[in-house]
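Each chain, written out:
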Amino acid sequence: MTARPLIGISTYAESGVRWGVWQLDAALLPADYPRLVQRAGGLAAMLPPDAPERAAATVARLDGLVVAGGPDVEPVHYGAEPDPRTGPPARTRDTWELALIEAALDRRIPLLGICRGMQLLNVALGGTLVQHIDGHAEVPGTFGHHPVKPVPGTLYAGIAPEQTSVPTYHHQSVDRLGTNLIPSAYAEDGTVEAIELATSPWVLGVQWHPEMGNDLRVMQALTTAALRGQPSPP
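Residues numbered from 1 in each chain as written. Predicted model: local features only at pLDDT ≥ 70, side-chain atom pairs only at ≥ 80, totals over all residues. Heavy atoms only, no water.

Caption draft 1: Spotlight on the pattern of salt bridges. A complete count under the given rule lists nine salt bridges for this structure. Where Arg54 meets Asp50, a salt bridge forms, and the shortest distance between an N and an O atom there is 2.7 Å. Residue classification places Asp50 among the partly exposed residues on the basis of a relative accessible area of 30%. Asp83 serves as the salt-bridge partner of Arg85, at 3.1 Å between the closest nitrogen and oxygen. (Salt bridge = Lys/Arg side-chain N within 4 Å of Asp/Glu carboxyl O. Buried < 20%, exposed > 50% of the residue type's maximum accessible area, 1.4 Å probe, protein only.)

Have a look at this one:
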């Protein structure tokens with residue numbers, strides 16, 4: 001039986017979530033994230049926000065990490081004042097996910113940032129964000145589609161070498177790239193749609209939402225890289 005790598009996925013922390021007769025605080029995640037990991041051959045483990053000093057011990061149990069989409073990154077993390085159109089901060093999640101990213105980079109495990117996760121990867125490595133762009137989240141609560149074009153010779157181009165239509169919903173984007181990050185895909189309007197870490201074997205951020213589509217290649221590439229990093233059985 002082929003081993004399945006354990007892929008951790010960061011989650012939301014929301015107050016007053018209602019289900020059945022209950023209304024309680026919850027750690028939650030759209031089900032399409034773990035489903036995508038499972039469809040791509042991995043075991044999905046949801047990671048609720050925790051104390052940042054526990055991030056290294058958490059990541060040590062994983063074969064790969066996904067930092068999921070979600071709210072805007074608080075601009076204080078990249079030295080900016082909030083734009084009026086920037087959403088309210090999610091400070092607990094920012095702190096936890098920045099610690100997860102640092103731990104994953106330290107251990108050199110495969111790391112995928114999705115939407116907010118890509119932006120947070122850029123911020124973690126000293127980059128900045130554009131706090132509002134138009135045309136990438138046209139209808140509130142509805143995913144749109146637009147083409148992205150890979151940069152030849154990059155990790156992402158090796159996964160998806162052709163121009164691809166992707167599910168998208170975001171109003172922020174990468175501005176100045178963080179240390180050793182390179183762009184690996186662009187939208188037609190010049191927005192950076194994927195980034196990767198030139199000094200690491202498998203660190204990728206995508207601005208779109210692969211969990212909302214049928215293209216498994218990005219997640220399959222993550223799970224394959226995570227499987228390669230597993231210790232050999234005795």
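Caption draft 2: Here's a closer look at the packing of aromatic side chains. With the rule as written, the count across this model stands at two aromatic pairs. Consider the rings of Tyr156 and Trp208, whose centres lie 5.4 Å apart with planes at 65 degrees: the pair is edge-to-face. With a gap of 52 residues between them, Tyr156 in helix H5 (residues 155-159) and Trp208 in the loop between strand S13 (203-206) and helix H6 (217-228) connect regions that are remote in the sequence. We classify Tyr156 as buried; its relative accessible area is 2%. The exposure class assigned to Trp208 is buried, which follows from its relative accessible area of 4%. One Lys or Arg, Arg93, reaches over the ring of Tyr12 and ends 4.6 Å from the middle of that ring. (Phe/Tyr/Trp six-rings, centres within 6.5 Å; stacked < 30°, edge-to-face > 60°. Helix = DSSP H or I, 4+ residues; strand = E, 2+ residues; numbered from the N terminus. Lys NZ or Arg CZ within 6 Å of the ring centre and 35° of its normal.)

Keep in mind these values describe shape, not function.
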